[in-house]
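# Coordinate inspection notes
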Amino acid sequence: MNTLIAYATKYGCVEKCASILSEKLTGEVDLYNLKEIKNIDISKYDKVIIGGSIYMGKIQKVVREFSSTKLNQLKEKEVGLFICGMGEGETAEKELKDSFPVELYAKATARGVFGGEFIFKKMNFLERLIVKKVSKVEKDVSNISEKKINEFAELMNNVYL
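We now turn to the structure provided with this report. (Residues numbered from 1 in each chain as written. Predicted model: local features only at pLDDT ≥ 70, side-chain atom pairs only at ≥ 80, totals over all residues. Heavy atoms only, no water.)

Another aspect to go through is a nonpolar patch on the surface. Residues Tyr55, Met56, Phe125, Leu126, Leu129, Ile130 and Val134 make up a contiguous nonpolar surface patch of roughly 770 Å² in combined accessible area. Ranked by residues supplied to the nonpolar patch, first place goes to helix H6 (residues 125-135) with 5 residues. Note that Leu126 resides in helix H6. (Patch = residues over 30% accessible without salt bridge, like charges linked within 9 Å, V, L, I, M, F, W, Y side chains within 5 Å. Areas by Shrake-Rupley, 256 points an atom, 1.4 Å probe, with all protein chains shown as cover. Salt bridge = Lys/Arg side-chain N within 4 Å of Asp/Glu carboxyl O. Helix = DSSP H or I, 4+ residues; strand = E, 2+ residues; numbered from the N terminus.)

Have a look at this one:
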């Protein structure tokens, strides 16, 4: 079985999570950064996993566009959806649900919130200022959950086409 992981990342957290996830999936897995590769032929994949990071409550535009423009093809695949962000609980679940087309979210085999990171050296001055003010965080923080990535991978691996 062939699996595509299509993602967008700003500072590398989603890429890190996508890479960890790819190692836990069975079969052939291709990773594509949607910011670098615009036209992906998803017809050769049995499973498609889409992920992105949340900024100001929203996922990157390139992820929304990919999900929308490929929606009809994606409805014919086994789909997994994930986000990375510092939100937790109901807030994070709402961000996940709001990040993808309703039909795609409803049919997804796996949905996940993998956590996020604040890595200050990767941010510009204004971003650091906002994070410090809003999140009350002064140093690098990571709350990536390998447990949640494992659970997501298990759901995707247990799909038999």
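What follows covers helix H7 (residues 146-157). Between its first and last C-alpha atoms H7 spans 16 Å; for 12 residues at 1.5 Å apiece the expected length is 16 Å, and the two agree. Looking only at H7, the buried set comprises Ile149, Phe152, Ala153, Met156 and Asn157. Axial view of H7: buried residues confined to an arc of 130 degrees, hence all on one face. Turned more than 90 degrees away from the buried face of H7 sit Lys147 and Glu154, all of them exposed. (Expected span 1.5 Å × (residues − 1). Buried < 20%, exposed > 50% of the residue type's maximum accessible area, 1.4 Å probe, protein only. Arc of directions from axis to C-beta.)

The geometry of helix H1 (residues 13-24) relative to H7 is characterised by a closest axis approach of 9 Å and an angle of 45 degrees between their N-to-C directions. Our classification of the angle between H1 and H7 gives oblique. Regarding H1 and H7, the two cross each other, and that crossing is right-handed. Contacts from Cys17, Ile20, Leu21 and Lys24 in H1 reach Glu146, Ile149, Asn150, Phe152, Ala153 and Asn157 in H7. (Axes fitted to C-alpha atoms, helices over the stretch in contact; angles between N-to-C directions. Parallel < 35°, antiparallel > 145°, perpendicular 65-115°, else oblique. Left-handed = near helix turned anticlockwise from the far one by under 90°. Contact = heavy atoms within 4.5 Å.)

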